[in-house]
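The primary structure of each chain is shown beneath.
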Amino acid sequence: MVKKLKWASLLIAFILIFAFIASGIKVNFVYANSGYDVDYEKSELDLQFSFEEYEDGYYISAYKGNSYYLEIPDYYNGKKVIGIKDNVAYKANGEPYSVKGVFANQDFIYINFGKNLNYIGSSAFEGCNGLQEVIIPENVKRIHHKAFYNCTNLKSIDLPKLEYLGNAVFGETAWLNAKSNANIEEFISQNGGVFNTKEDYHFDNVIYYEEQDNLMLLSVYNLKNRQEYIVKEGTRLIASQVFKYSLPISSITIPTTVEHIGSALLGPPPYNVTETDVKLDYLGCNIIVKKNGQNISQAERTEYFKNLGLEEYTFAKVKIDGVLATYPSTIPSVYIVPNTVGQITKRAFYNQKSLTEMVIPSSVKYIGVEAFKGCTNLEKITFESGGAVVIDSNAFSGCTKLFTIDGAENIAVVGSGAFKGCNRLNDITLGNVTIKSNAFYGCSNLLNITQKTGTQIREIGYNAFLGTGVINSQDAN
């Protein structure tokens, strides 16, 4: 009887082993604490995730599981799993495209991020309300926009020394709300327990993540002083778009302890200005950089930004030259642009009826599309000497009272339709200039173009002077 049971047991064992082999499931025998990695079979991971392969490893692009416990695999198909992809657009039942993160709205209670993950994409865990704590390991270096947004029960976070932190990563979480509420309570206690006026809502609601030597500026919901903000000494990272809710702000001081700055410090450009138009994020805000509490030179500042991986054009130069993004309502009708301004962006003064005269300094190198379009009471523009400004298309079109342009020899490019319909515009003197199509179309009062001695018109575009009275040009000393 015992012998029969023994043979039966062996038969059952043989059948089970054969079944495992036939099913394709790989069985690993791992010694405890051996330090060896458990090599998950590819087919097993494919039941839970979709992957996209890149040169350095795999990114998780979709989740097909349904679990309270998420374990990010360390490897897939022999390569490291290094990232979670950004949110993706999807369409269902003919509805418009929506955006959804890879693990959005799952019921996770716990996440093991693994040892190889470097990148957490935008909206990756948005709406995972079961999470109460996340511990993100040192191997994670970049967390993108809204990665944990609206994880309403998330009360505790442990962050490594990140190299990039996006916008609103922890927005609408219990952790961030608690910090914000503490700021509000402190403000109320200092002001008699009430908000007295609308201006009282302007108080410092600034949120840092601080853990030993890991100080990071996460968000600035409000500022009492809209003129300037001084980032804490010792801060090593500033998240993306941290000042977007505190516009307008005129000055930000950054200590050189900051090693990483997210994109679009002030948020997406307002006033119908897009980053595509001018490739700028900061829109006229003066950025001051200090080392040990002292201002550093322009050359040092440029080098500092370069070391942060930020191009001079998109960061350092903007801080030096500045950008005028919109017409300030308190400025009088005769407006002298500050000589700290390097660019006037798209539609900055669009349709401003009160503006009658502009003085544009030589520091301004670019005037954007439709920047002054529809300024029907603008009568005079002065371009100060020493400049070489590029005027983009339709910048002054429809300025029907524009009569005088002084210093026009400082214009390098007159864009398409730049002065179209300026039917009162009088004779002007030009220098080295390129004139694009329809540049002065319909300027019926324009009779003569005077060319400054030693300069030339490099190009005249199609119909550049159609509808004008231009019949000759002459040299001017």
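Model, not experiment: these values are computed from the prediction.

Chemist: Break down the overall build of the protein for me, citing the residues and quoting the values.
Modeler: Summing up its helical and strand segments, the protein has six helices and 35 strands in all. Burial statistics for the protein: of 477 residues in total, 42% are counted as buried. Pairs at least 24 residues apart make up 38% of the contacts formed inside the protein by residues separated by at least 6 positions. Split by element, the accessible area of the protein, about 24,600 Å² in all, is 50% carbon and sulfur.

Chemist: Residues and numbers for empty space enclosed by the protein, please.
Modeler: Applying the stated rule across the entire model yields one cavity of 30 Å³ or more. Of the pockets and cavities examined, the largest cavity occupies roughly 50 Å³. The wall of the largest cavity is formed by Ile 360, Pro 361, Ser 362, Val 364, Phe 383, Glu 384, Gly 387, Ala 388, Val 389 and Asn 410.

Chemist: Which residues make up the sheet that holds strand β27 (residues 380–383), and what values go with them?
Modeler: Taken together, the four strands give an open sheet; going across it, the order is β23-β25-β27-β29, and neighbouring strands pair in parallel fashion. Looking along the sheet, the strands with just one partner apiece sit at the ends: β23 (334–336) and β29 (404–406). Averaged over neighbouring strand pairs, the angle between their axes works out to 10° when direction is ignored. In the sheet, β27 pairs with β29 via three bridges, with the strands oriented parallel. Paired with Lys 380 across the two strands is Thr 404, which belongs to β29.

Chemist: Describe helix α5 (residues 298–307), listing the residues and the values that go with them.
Modeler: Since the α-helix turns once every 3.6 residues, residues separated by three or four places project in the same direction. When we look at burial in α5, the residues that qualify are Arg 301, Tyr 304 and Phe 305. Take α5 and look down its axis: the buried residues cluster within an arc of 95°, on one side only. Along α5, exposed side chains directed more than 90 degrees from the buried face belong to Ala 299, Lys 306 and Asn 307.

Chemist: Please set out the packing of aromatic side chains residue by residue, giving values where relevant.
Modeler: Summed over all chains, the structure comprises 25 aromatic pairs. Look at Phe 49 and Tyr 63: their rings are 5.8 Å apart centre to centre, the planes differ by 45°, and that puts the pair in the tilted class. Placement of Phe 49 in strand β1 (residues 49–54) and of Tyr 63 in strand β2 (residues 57–63) is noted, with a sequence separation of 14 residues between them. On the basis of relative accessibility, which here comes to 1%, the residue Phe 49 falls in the buried class. The ring of Tyr 58 carries the charged tip of Lys 79 above its face, separated from the ring centre by 6.0 Å.

Chemist: Residues and numbers for the pattern of salt bridges, please.
Modeler: The final tally for this structure, using the stated rule, is seven salt bridges. Between Lys 161 and Asp 213 there is a salt bridge; the shortest N-O distance is 2.7 Å. Placement of the pair is Lys 161 in the loop between β12 (156–158) and β13 (164–165) and Asp 213 in the loop between β14 (205–211) and β15 (214–222), with a sequence separation of 52 residues. You can call Lys 161 partly exposed: its relative accessible area is 34%. Two residues, Lys 380 and Asp 406, come together in a salt bridge whose shortest N-O distance is 3.5 Å. Of this pair, Lys 380 sits in strand β27 while Asp 406 sits in strand β29; the two residues are 26 residues apart in sequence, bridging distant segments of the chain. For Asp 406, a relative accessible area of 31% translates into the label partly exposed.

Chemist: Before we move on, could you go through the state of the cysteines and cite the residues and values that matter?
Modeler: One pass over the full model with this rule turns up zero disulfides. Cys 151 supplies the cysteine sulfur nearest to Cys 128, a cysteine that is in no disulfide, at a spacing of 5.1 Å. Here Cys 443 is not disulfide-linked; the sulfur of Cys 422 is the nearest cysteine sulfur, at 5.1 Å. For Cys 443, a relative accessible area of 0% gives the class buried.

Chemist: Can you lay out the side chain of Asn 214 for me, pointing to particular residues and giving the numbers?
Modeler: Its place among the elements puts Asn 214 in strand β15. The class of Asn 214 is buried, set by a relative accessible area of 4%. A polar contact is formed between the side chain of Asn 214 and the backbone oxygen of Pro 160, at a distance of 3.0 Å. Engagement of the side chain of Asn 214 in a polar contact is seen with the side chain of Arg 236, the distance being 3.2 Å. When sequence neighbours within four positions are dropped, the list of residues in contact with Asn 214 reads Leu 159, Pro 160, Lys 161, Tyr 209 and Arg 236.

Chemist: Summarise a nonpolar patch on the surface; cite the residues concerned and give the values.
Modeler: On the surface, Tyr 68, Tyr 69, Ile 109 and Tyr 110 cluster together into a nonpolar patch covering about 470 Å² of accessible area. Within the secondary structure, Tyr 110 sits in strand β8 (residues 110–112). Relative accessible area serves as the criterion here: at 42%, Tyr 110 is assigned to the partly exposed category.

Chemist: Quick rundown of the side chain of Ser 122? Include the residues and the values.
Modeler: Structurally, Ser 122 is set in the loop between β9 (119–120) and β10 (133–135). Assessed through its relative accessible area of 9%, Ser 122 is described here as buried.

Chemist: Outline unusual backbone geometry, listing residues and values.
Modeler: Despite not being glycine, Asn 105 shows a phi value in the positive range, around 65°. Counting through the fold element by element, Asn 105 comes out in the loop between β7 (98–100) and β8. Look at Asn 105 and you get exposed, because its relative accessible area is 55%. Residue Ser 123 is not a glycine yet carries a positive backbone phi of 60°. Looking at the secondary structure, you find Ser 123 in the loop between β9 and β10.

Chemist: I'd like a rundown of the confidence of the model for the protein, residues and numbers included.
Modeler: On average, residues of the protein score 77 in pLDDT, and 71% of them reach the 70 mark or higher. Between residues 20–40, whose pLDDT stays under 50, and residues either more than four places distant or in other chains, the model counts 14 contacts.

Chemist: How would you summarise the nonpolar core if you had to cite specific residues and measurements?
Modeler: In terms of nonpolar packing, the biggest core is built from 65 residues, with Phe 103, Ile 120, Phe 125, Ile 143 and Phe 148 touching the most fellow members. Per element, the largest residue contribution to this core is five residues, and it comes from β15. Filtering out sequence-adjacent residues up to four positions away, Ile 120 remains in contact with Ile 84, Phe 113, Phe 125, Val 140, Arg 142, Ile 143, His 144 and Ala 147.

Calculation rules
Residues numbered from 1 in each chain as written. Predicted model: local features only at pLDDT ≥ 70, side-chain atom pairs only at ≥ 80, totals over all residues. Heavy atoms only, no water. Helix = DSSP H or I, 4+ residues; strand = E, 2+ residues; numbered from the N terminus. Buried < 20%, exposed > 50% of the residue type's maximum accessible area, 1.4 Å probe, protein only. Contact = heavy atoms within 4.5 Å. Areas by Shrake-Rupley, 256 points an atom, 1.4 Å probe, with all protein chains shown as cover. 1 Å grid on protein atoms, 1.4 Å probe; cavity = no way out; pocket = protein on both sides within 12 Å on 5 of 7 lines; lining within 4 Å. Points joined across faces, edges and corners; volume = space filled by probe spheres on them. Pairing = 2+ DSSP bridges. Axes fitted to C-alpha atoms, helices over the stretch in contact; angles between N-to-C directions. Arc of directions from axis to C-beta. Phe/Tyr/Trp six-rings, centres within 6.5 Å; stacked < 30°, edge-to-face > 60°. Lys NZ or Arg CZ within 6 Å of the ring centre and 35° of its normal. Salt bridge = Lys/Arg side-chain N within 4 Å of Asp/Glu carboxyl O. Disulfide = S-S within 2.5 Å. Polar contact = N/O pair within 3.5 Å; in protein donor to acceptor, adjacent residues only side chain to side chain. Patch = residues over 30% accessible without salt bridge, like charges linked within 9 Å, V, L, I, M, F, W, Y side chains within 5 Å. pLDDT = per-residue confidence, 0-100. Core = buried A, V, L, I, M, F, W, Y, C linked by side-chain atoms within 4.5 Å.

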